[in-house]
Amino acid sequence: MIICVQGLGYVGSAMCVAVSLARKNFKSKKFNVIGVEQATERGKKIIEKINTGVFPFISNDKFLKSSIKKVVKKGILRATDSQEVYKKADVVIVSINCDLKKINGKYKINLTDFRKSIYQIANKVKKNTLIIIESTVPPGTCKKIVYEVFKKIFIKRKLDIKKINISHSFERVTPGKNYLNSIINNWRVYSGINKLSAKKCNKFLKSFINTKKYPLKELQDTESSELCKLMENSYRAVNIAFVEEWTKSANRLNVDLFEIIDAIKKRPTHNNLKDPGFGVGGYCLAKDPLMAKVGLKQLWNINQNFEFSEMAIRINRIMPLTTINRIKLFFKNNLKGIKILLLGITYKEDIADTRNSPSELFFKKMTSLGAKVVIHDPIVNYWEEINSNVHKKIPN
């Protein structure tokens, strides 16, 4: 059994380790997990770290760090930039970014690079290989892009197109102290372009996920699964934005919104209401609420507004301004020379991912107002977005 993971980012690297730990659940005598990255400077650094038994991203998950060391030492896991490994793969997990970019004032999903990555796999794999798309993609991607690429290439390679197996099962990885466990012990949704693809995906997911406690959920088609991920993240974004507007009113009335929300949460129907926060960041929540609208237009030529999702994105992007306004009010709008200690520069605790962090807007805005912002983070050494070193210990 050869399992390849295309894309060794925050999700793909951890997925390699999770699947490697399930070695005993596969009957095949030969079992290898191979992570595939691009032959770039960044990609080569990731490959080098994995092949020495080191997780390529900063993490304080002891289980993850000890596990990757163990599976690499046993020869179960390795990483490469060679596409030739796809030839022997029984399963290929696609875990690459499908980016949403704003070009000339309009949002567009970069499906060109995604399509190229699928071509790389289709040109090499044998028939009956199970392809699992783990990436967050617009509805219709598996059938309109992935399957069509495979169909075209299989015909060119004179392979039976009935032997194409494509499924979609989006990731629910949560970096932090329980990084690896968030893969193994978590609910998973899946679907296939046909019954056989779904059946194969089900069997594979059961090999490394604790399905006794976290049962799998099969959806009727890949469009449903693709839409499910976008709706899931959009719901979270809207929930956060909803609380933000009540935070402003609570501030004006000088009441404790945490206490109020705690009282509301006593009702079982309302126990997932979010608490007030500093802002929203990371790779997913900053873009996923817009992907359905953009994707429906790009792949289906369907024009539909997603008012709540779009509004949530706008509100969440400027959430740090609420905190900034509170500080301005306290100092009577004069922040020149005021020294501020910023504790944490990532979008959540216990991670080193600074992408789209609300701390970035806070830092830039406060600095422009004349304040001196001192940066502290217990994990991050260097803040790339603002080109600055970070205090690992709280300065005196």
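Thresholds applied
Residues numbered from 1 in each chain as written. Predicted model: local features only at pLDDT ≥ 70, side-chain atom pairs only at ≥ 80, totals over all residues. Heavy atoms only, no water. Helix = DSSP H or I, 4+ residues; strand = E, 2+ residues; numbered from the N terminus. Buried < 20%, exposed > 50% of the residue type's maximum accessible area, 1.4 Å probe, protein only. Contact = heavy atoms within 4.5 Å. Areas by Shrake-Rupley, 256 points an atom, 1.4 Å probe, with all protein chains shown as cover. Lys, Arg positive; Asp, Glu negative; His and termini not counted. Charge placed at Lys NZ, Arg CZ, Asp CG, Glu CD. Expected span 1.5 Å × (residues − 1). Bend = angle between axes of the 7 residues up to and from the residue. Core = buried A, V, L, I, M, F, W, Y, C linked by side-chain atoms within 4.5 Å. Phe/Tyr/Trp six-rings, centres within 6.5 Å; stacked < 30°, edge-to-face > 60°. Lys NZ or Arg CZ within 6 Å of the ring centre and 35° of its normal.

Undergrad: So, the overall build of the protein: which residues are in play, and what are the values?
TA: Counting its secondary structure elements, the protein contains 13 helices and 14 strands. For the protein, the spread of C-alpha atoms along the three principal axes comes to 75 × 50 × 45 Å. Of all 396 residues assigned to the protein, the portion counted as buried reaches 49%. For the protein, the share of sequence-separated contacts (at least 6 apart) that also reach a separation of at least 24 residues comes to 72%. Accessible surface, the protein as shown: approximately 21,000 Å² in total, 53% of it carbon and sulfur. Within the protein, the 34 negative side-chain charges are centred at a point lying 5 Å from the centre of the 72 positive side-chain charges.

Undergrad: Describe unusual backbone geometry, and please don't skip the residues or the numbers.
TA: Despite not being glycine, Asn 254 has its phi angle at roughly 60°, a positive value. One non-glycine residue with positive phi stands out, namely Asn 387, at about 55°. Looking at Asn 387, the relative accessible area reads 60%, which means it is exposed.

Undergrad: Mind laying out helix α5 (residues 141–156), listing which residues take part and the relevant values?
TA: With 16 residues, α5 extends 21 Å from end C-alpha to end C-alpha; this agrees with the ideal 22 Å at 1.5 Å per step. Its maximal kink placed at Tyr 147, α5 deviates by approximately 30°. Buried residues of α5: Thr 141, Cys 142, Ile 145, Val 146, Val 149, Phe 150, Ile 153 and Phe 154, and no others. Residues of α5 that are buried in the fold lie against α4 (111–122), β7 (130–133), β8 (165–168), α8 (222–253) and α10 (288–300). Just downstream of α5, Lys 158 is the residue with a positive phi angle, here 60°.

Undergrad: With reference to specific residues and values, describe the nonpolar core.
TA: Counting 43 residues, the largest nonpolar core has Ile 3, Val 19, Leu 77, Ile 93, Phe 204 and Phe 208 as the members making the most contacts within it. It is helix α1 (residues 10–20) that contributes the most residues to this core, 7 residues altogether. Look past the residues within four positions of Leu 77 in its chain and what remains in contact with it is Cys 16, Val 17, Ser 20, Val 33, Ile 50, Ile 68, Val 71 and Val 72. By size, the runner-up hydrophobic cluster in this structure holds 39 residues, among which are Ile 34, Phe 114, Phe 154 and Leu 299.

Undergrad: If you had to explain the packing of aromatic side chains to someone new, which residues and values would you point to?
TA: For the coordinates displayed, the defined rule picks out 12 aromatic pairs. Relative to Phe 204, the ring of Phe 26 lies with its centre 6.3 Å away and its plane at 50°, an arrangement referred to as tilted. Separated by 178 residues along the polypeptide, Phe 26 in the loop between α1 and β2 (32–36) and Phe 204 in helix α7 (residues 195–208) bring together distant segments of the chain. Through a chain of ring-to-ring contacts, three or more aromatic side chains come together here, namely Tyr 10, Phe 55, Phe 57 and Tyr 179. The ring centre of Trp 300 lies 4.3 Å from the NZ or CZ of Lys 144, which sits over that ring.

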